[in-house]
Structure formats: C-alpha cells, structure tokens
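So the chains spell out like this:
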Amino acid sequence: MRMILLGPPGAGKGTQAAVLSATLKIPHISTGDIFRANIKGGTPLGLLAKSYIDSGKLVPDDVTVDIVANRLKEEDCASGFIMDGFPRTVPQAVMFDEMLAKPGKKVEVVINITVEDSIIVKRLSGRRMCSCGRTYHIDNNPPKVEEICDFCNSSLYIRDDDKEETIKERLKTYHEQTSPLVDYYQEKGLIMNFDGSKPIDVTTREILDSLKNKLIDFED
Ligand code: ADP
Ligand code: ADP
Ligand code: ZN
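Keep in mind it's a predicted model, so treat the numbers as computed, not measured.

Please explain the overall build of the chain as it appears in this structure.
Regarding its fold elements, the chain presents nine helices and seven strands. Its C-alpha atoms give the chain a radius of gyration of 17 Å, within 12% of the compact-globule value 17 Å for 220 residues. Taking the principal axes of its C-alpha atoms as reference, the chain extends roughly 45 × 40 × 35 Å. With 220 residues in all, the chain has 50% of them scored as buried. Here the chain displays about 11200 Å² of accessible surface, and carbon together with sulfur accounts for 52% of that area. For the chain, the separation between the mean place of its 29 positive charges and that of its 34 negative charges on side chains is 1 Å.

What exactly am I supposed to notice about the site of ligand 1 here?
Around ligand 1 there are 20 residues in total, and Gly10, Thr15, Arg127, Tyr136 and Lys198 lie nearest to it. Tyrosine 136 is positioned such that a nitrogen or oxygen atom in its backbone is 2.7 Å from an oxygen atom of ligand 1. Within the backbone of lysine 198, one N or O atom sits 2.7 Å away from a nitrogen atom of ligand 1. In isolation ligand 1 exposes 560 Å². Once the protein is present, 93% of that is buried. Mapped by element, the contributors of at least two residues to the shell around ligand 1 are α1 (13-24), α6 (117-125) and β6 (135-137).

What is the right way to look at the coordination of the zinc ion (ligand 3) in this model?
Note on metal sites: the ideal angle is 109.5 degrees for four tetrahedral donors, and 90 or 180 degrees for six octahedral donors. At the metal site, the zinc ion (ligand 3) is ligated by Cys130 (SG), Cys132 (SG), Cys149 (SG) and Cys152 (SG), and these contacts range over 2.2 to 2.3 Å. For the zinc ion (ligand 3), the four donor atoms in the first shell make angles of 97 to 115° at the metal, a pattern classed as tetrahedral. Read in sequence order, the donor residues for the zinc ion (ligand 3) give the motif C-x1-C-x16-C-x2-C. Here cysteine 132 is found in the loop between β5 (127-129) and β6, whereas its partner cysteine 149 is found in the loop between β6 and α7 (164-178), with 17 residues between them in sequence. Cysteine 149 sits in the buried class, given a relative accessible area of 1%.

Would you explain the site of ligand 2 in this entry?
By nearness alone, 18 residues border ligand 2, and Thr31, Arg36, Lys57, Arg88 and Arg170 come closest of all. In the environment of ligand 2, a nitrogen atom lies 2.9 Å from a nitrogen or oxygen atom belonging to the side chain of glutamine 92. One of the side-chain nitrogen or oxygen atoms of arginine 127 is found 2.9 Å away from an oxygen atom of ligand 2. The element that contributes the greatest number of residues to the shell around ligand 2 is helix α2 (residues 31-41), accounting for four residues.

For this particular structure, what's the right way to read the pattern of salt bridges?
Where charged atoms from two side chains of opposite charge come close, those side chains can pair. For the structure on display, the rule yields 18 salt bridges. Aspartate 209 serves as the salt-bridge partner of arginine 205, at 3.1 Å between the closest nitrogen and oxygen. Of this pair, arginine 205 and aspartate 209 are both found in helix α9 (residues 200-213), four residues apart, which corresponds to roughly one turn of the helix. Of the residues examined, arginine 205 reaches a relative accessible area of 38% and is grouped as partly exposed. On the accessibility criterion, aspartate 209 (35% relative accessible area) is partly exposed. Where salt bridges share partners, they join Arg127, Arg159, Asp161, Asp162 and Arg170 into one cluster.

Reading the values: the criteria
- Residues numbered from 1 in each chain as written.
- Chains lettered and ligands numbered in written order.
- Predicted model: local features only at pLDDT ≥ 70, side-chain atom pairs only at ≥ 80, totals over all residues.
- Heavy atoms only, no water.
- Helix = DSSP H or I, 4+ residues; strand = E, 2+ residues; numbered from the N terminus.
- Rg over C-alpha atoms; globule rule 2.2 N^0.38 Å.
- Buried < 20%, exposed > 50% of the residue type's maximum accessible area, 1.4 Å probe, protein only.
- Areas by Shrake-Rupley, 256 points an atom, 1.4 Å probe, with all protein chains shown as cover.
- Lys, Arg positive; Asp, Glu negative; His and termini not counted.
- Charge placed at Lys NZ, Arg CZ, Asp CG, Glu CD.
- Near = heavy atom within 4 Å.
- Polar contact = N/O pair within 3.5 Å; in protein donor to acceptor, adjacent residues only side chain to side chain.
- Donors = N, O, S within 2.8 Å, 3.2 Å for Na, K, Ca; no water.
- Tetrahedral: all angles 85-135°; square planar, octahedral: opposite > 155°, others 65-115°.
- Salt bridge = Lys/Arg side-chain N within 4 Å of Asp/Glu carboxyl O.

Below is the structure:
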C-alpha cells in the first residue's frame with residue numbers, strides 16, 4: 001500500500017505511522033527523521049537542513065524530493081510505504097506523483113489527521129523522541145521506564161524545534177504551504193479524514209477500520 005500521512009506538526013503522524021507500519025508491514029518513511037539522522041551524523045545534508053528546521057521553515061523542495069527518491073529505491077519499499085511528513089508542499093506532491101508514475105505506480109491513500117492549533121503546543125512541548133523512530137509524550141504516551149524507549153532501550157531526547165517560538169512558526173508554515181495539499185489530494189479522491197484529538201489507540205482503530213472498509217487487505 002502506498003500511503004501518505006498528512007497533518008499539522010503534532011497531529012500524531014509519527015505515532016500512527018509507527019503502529020501502521022508494524023501492522024501493515026510496510027516501511028515508515030519520515031523525512032524529518034532522515035534530516036535529524038543527518039544532522040546527528042554531521043553530513044552536508046544535515047548542515048543544510050538544520051538552519052531551516054531550527055527556524056521552523058521547510059527544507060527546499062529539490063533537496064527533499066531527492067532524498068525521498070533515493071529512499072524509495074531501497075528494496076523494502078517494493079510493496080509500499082507510509083510517508084510521514086512528505087510531501088509538504090504542492091510542488092513536492094507534483095514531483096512525487098511524477099516519480100511514482102515512472103514505474104507505473106501512484107499514491108493510493110492519504111490519511112489526513114487534524115488537530116486544532118491550541119492543542120498542538122501542549123503536545124509538542126511534552127514530546128520525547130527516540131532515534132529508532134518511536135515517539136512518546138510525558139503525559140499522553142509515556143514510556144514504561146522514564147526517558148527510555150520501550151522498543152530499543154535508547155535514551156529519549158527532546159527535539160530542538162519543539163520549543164514554543166519554533167512551534168508557532170511551524171504551524172504558520174503548515175497553514176501556508178502544507179494545508180493546500182488537502183485540496184490537492186481531495187481532488188484525486190484520496191483523502192480520508194481523522195480527528196487526531198481522540199486518544200491514540202482510538203485513532204489507530206479508526207484508521208485501520210477505514211482501510212478495511214476500502215477493501216485494502218491486511219492481517220490485523
Ligand atoms: P507528528 O508526527 O504529527 O508531529 P507525533 O506523532 O510526534 O506528531 O505526536 C506529537 C506528540 O503528541 C507526541 O508527544 C505524541 O506522543 C503525542 N500524541 C500523538 N497522538 C496523540 C493523541 N491522539 N493524543 C494525545 N497525544 C498524542
Ligand atoms: P513534525 O511532524 O513534528 O512537523 P517532522 O519531523 O516531520 O516534524 O519535520 C521536522 C522538520 O523537518 C520540519 O519542520 C521541516 O523543517 C523539515 N521537513 C520535514 N519534512 C519536510 C518536507 N517534506 N519538506 C521540507 N521540509 C521538511
Ligand atoms: Zn527506540
């Protein structure tokens with residue numbers, strides 16, 4: 001299944017992607033995670049991405065699309081993927097469609113998770129990340145052992161861009177540059193809407209049920 005998760009920062013894309021990836025057995029691809037791994041590794045890409053990320057702006061389209069194109073060449077993407085945080089602009093979406101069309105493929109489902117801006121600051125301020133891609137929240141979704149990942153035992157960390165000023169800038173970026181993608185995919189008949197303010201497991205259940213209703217086959 002070729003799936004995109006769309007929604008503002010803090011909607012729960014990463015949280016849902018991790019569960020959906022395990023259930024549907026397709027890779028979870030987060031452009032944000034790829035950028036953060038490059039920042040940590042001190043690569044030229046990391047250096048370039050950091051200035052944009054720290055100011056709540058988007059990394060340029062050509063750079064971002066290139067990274068996705070390379071990631072999709074890997075074998076694990078043959079039967080599908082869950083894109084988390086990509087595309088984030090209309091030009092990225094157009095280039096992504098072109099990229100997939102070359103081998104005769106296309107985006108099949110766009111899961112749009114919505115949450116009001118007022119909830120988002122609280123969510124992102126309590127967010128804790130693991131380098132393995134799992135995401136926690138100190139109150140809403142705490143790890144079993146404080147500050148340690150349940151899945152890989154690594155120490156959790158706080159993202160540099162999860163502070164209030166940057167969160168506000170990221171929300172502005174979302175409304176200006178990313179939210180037009182809802183219409184873009186709506187016109188293609190691909191959007192499925194979910195209320196991301198419900199508890200995590202409720203949203204997961206609703207997504208899996210809707211996928212089943214669309215007659216997408218998988219073992220739950
Ligand atoms: P995104 O990838 O869309 O930015 P995350 O999945 O990282 O969002 O979630 C942002 C924060 O909110 C995390 O700390 C996560 O644990 C928490 N969170 C995610 N979904 C929910 C939910 N449905 N209810 C409460 N908190 C949530
Ligand atoms: P969140 O889901 O919390 O908004 P992500 O981890 O998806 O955060 O992204 C973190 C940052 O990485 C973004 O604020 C942006 O600067 C950059 N980024 C991630 N994905 C893209 C993309 N598709 N295009 C441009 N920049 C991106
Ligand atoms: Zn982990």
